[in-house]
Amino acid sequence: MKNKHNFIGRNLYDLDDYSADEIIAILEATSVMKEINERDYKKLPTLRGKTVCTLFMENSTRTRMSFELAVNRLSADLVSFQASISALSKGESLQDTICTLNAMGIDLYIIRHRFPGSPQLVHKYSEKPVMNAGDGRHAHPTQALLDIFSIWERLGTLKDLKITIVGDIAHSRVVRSNLIGMKKLGANVTVCGPKTLVPGFLPEIYGCKVEHDLETALKDADVIMGLRMQLERQNEGLLPSLDEYTKQYVLSKRTIQFAKKDALIMHPGPMNRGIEIMPEIADSQQSLVLAQVANGVAVRMALLFLFLGGK
Ligand code: CP
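Here the structure is a predicted model, which is why all the values come from computation and not from measurement. (Residues numbered from 1 in each chain as written. Predicted model: local features only at pLDDT ≥ 70, side-chain atom pairs only at ≥ 80, totals over all residues. Heavy atoms only, no water.)

A. Examining the packing of aromatic side chains more closely. By the definition in use, this model includes five aromatic pairs. An angle of 45 degrees between the planes, with centres 5.9 Å apart, marks the rings of F149 and W152 as tilted. With F149 and W152 both in helix α5 (residues 141-155) and three residues apart, this pair spans about one turn of that helix. Relative accessible area serves as the criterion here: at 1%, F149 is assigned to the buried category. Ring pairing ties together the aromatic residues F7, Y18 and F307, which thus form one cluster. If you follow R300 out to its NZ or CZ, it ends over the ring of F67, 5.2 Å from the centre. (Phe/Tyr/Trp six-rings, centres within 6.5 Å; stacked < 30°, edge-to-face > 60°. Helix = DSSP H or I, 4+ residues; strand = E, 2+ residues; numbered from the N terminus. Buried < 20%, exposed > 50% of the residue type's maximum accessible area, 1.4 Å probe, protein only. Lys NZ or Arg CZ within 6 Å of the ring centre and 35° of its normal.)

Right, here's the structure in full:
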């Protein structure tokens, strides 16, 4: 696979470091990987001899499994670090942990951590390329890339689409990376939720619209993305109650009618069914939820291929 952009040796902290052309190049590489994933024999020898280390220090199902599957599909070696059974739990520092792993010959790190900026620290200690698999509330660029790919493959472009993202915008790293990537590709993004969950400064930084009324936010939307209501934050007093949130903002048969007739329905997962999205919508013909998961494997294969210089 030929590519005019050079990704080799770079870090993927967030999408602001990548141009629209580079994002399109990643989407094109993802299409190729998707074709490979549809074959009976899904494995390529392209990254044989490379070693990838996953460091998941916060829970994950989709991101971790799809990254690890992607490493295996491209025939790289995988080292999967388990914080709870490592020497970190005996008090070893992150710096010593990374230097120790590095001495074993890691070529690329993938990290999820609750602290924003942890991918940059891993790069500082290792001097190896690092991919951000979610750092605190800051960024989740590979989720944004798979979301963008899922729209791009269905609709052919993001230019001038109306994309409405509904939910807990304030605490979402997914929304921040999506706002950067979607804007670069020319989409008009509206974020919607209660005032306590939608920071007012977002339009100035990301060029999106803020709307607190769901019907107005969804009017003529081409794409609707629900976000997980972060139940662990309910004691922060940001909502009167979950029931109140659901009454005003749930994606349901009734509320999605405000959008275009065949609007795509997305959710990065994990979902709280019956809180931010009703099951009949999550499981509907219009829903891309499982397509997003499948595309997550292909996009992560494409990233590993490009960043490790696959042939
Ligand atoms: N969307 C997402 O990041 O899911 P996981 O937490 O399961 O990886």
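B. Fine view of the site of the ligand. The local shell around the ligand consists of S60, T61, R62, T63, R112, H140, Q143, P268 and G269. S60 is positioned with one of its side-chain polar atoms (N or O) 2.6 Å from an oxygen atom of the ligand. Within the side chain of R112, an N or O atom sits 2.9 Å from an oxygen atom of the ligand. When isolated, the ligand has an accessible area of 250 Å², and the protein chains bury 91% of it. Of the residues that constitute the shell around the ligand, the class distribution is one nonpolar, six polar and two charged. Built from parts of two domains, the shell around the ligand gets at least three residues from each of domain 1 (15-139 + 293-307) and domain 2 (141-290). (Near = heavy atom within 4 Å. Polar contact = N/O pair within 3.5 Å; in protein donor to acceptor, adjacent residues only side chain to side chain. Areas by Shrake-Rupley, 256 points an atom, 1.4 Å probe, with all protein chains shown as cover. Nonpolar A, V, L, I, M, F, W, Y, C, P; charged D, E, K, R; others polar. Domains from an automatic or database assignment.)

C. Structural view of the sheet that holds strand β2 (residues 77-81). Strand order across the open sheet formed by four strands is β2-β1-β3-β4, with parallel pairing between neighbours. The open sheet has two edge strands, β2 and β4 (130-135), and neither has a second partner. Between one strand axis and the next, the sheet turns through 15 degrees on average, direction left out of account. Here strand β1 (residues 51-56) pairs with β2 via five bridges, running parallel. Directly across from V52, in β2, lies its bridge partner L78. (Pairing = 2+ DSSP bridges. Axes fitted to C-alpha atoms, helices over the stretch in contact; angles between N-to-C directions.)

D. Here's a closer look at helix α11 (residues 289-307). Given a rise of 1.5 Å per residue, 19 residues ought to cover 27 Å, and the 27 Å separating the end C-alpha atoms of α11 matches this to within 8%. At N295, α11 shows its largest bend, some 25 degrees. In terms of residue burial, α11 counts as a mostly covered element, since 15 of its 19 residues are buried. Immediately beyond the C-terminal end of α11, within one or two residues, lies G309, with a positive phi of roughly 70 degrees. (Expected span 1.5 Å × (residues − 1). Bend = angle between axes of the 7 residues up to and from the residue.)

E. Spatial organisation of the pairing of strand β6 (residues 188-192). Across the five residues that make up β6, a large majority, four, are buried. With five bridges joining them, strand β5 (residues 162-166) and β6 adopt parallel strand pairing. Residue K162 lies in a different strand from β6, and its bridge partner there is N188. Handedness of the crossover joining β5 and β6 through helix α6 (residues 173-184): right-handed. (Right-handed = clockwise from strand over helix to strand, strands pointing away.)

F. Structural context of the pattern of salt bridges. Applying the stated criterion across every chain yields a total of nine salt bridges. The partner of R173 in a salt bridge is E58, with the nearest N and O atoms 2.9 Å apart. Remark: E58 occurs in the loop between β1 and α2 (62-73) and R173 occurs in helix α6; sequence separation between them is 115 residues. With a closest N to O distance of 4.0 Å, E244 and K247 form a salt bridge. Of this pair, E244 and K247 both sit in helix α9 (residues 242-249), three residues apart, which is roughly one turn of the helix. (Salt bridge = Lys/Arg side-chain N within 4 Å of Asp/Glu carboxyl O.)

G. Examining the domain arrangement of the protein more closely. What the domain assignment lists for the protein is domain 1 (15-139 + 293-307) and domain 2 (141-290). Placing the centre of domain 1 and that of domain 2 at their C-alpha centroids yields a distance of 26 Å. Taken together, the contact pairs 33 residues of domain 1 with 27 residues of domain 2. For the pair domain 1 and domain 2, the summed buried area comes to about 2500 Å², and 63% of that belongs to carbon and sulfur atoms. A per-residue breakdown of the area domain 1 buries against domain 2 is headed by L15, L27 and R137, which together make up 29% of the total. We note a salt bridge from K34 to E153, for which the minimum N-O separation is 3.0 Å. The tally of links from domain 1 across to domain 2 stands at 12 residue pairs in polar contact (both at pLDDT 80 or more). Looking at the side of domain 1 that touches domain 2, the elements with two or more residues in it are α1 (20-37), α2, β3 (108-113), β4 and α11. (Contact = heavy atoms within 4.5 Å. Buried area = accessible area lost by both parts, 1.4 Å probe.)

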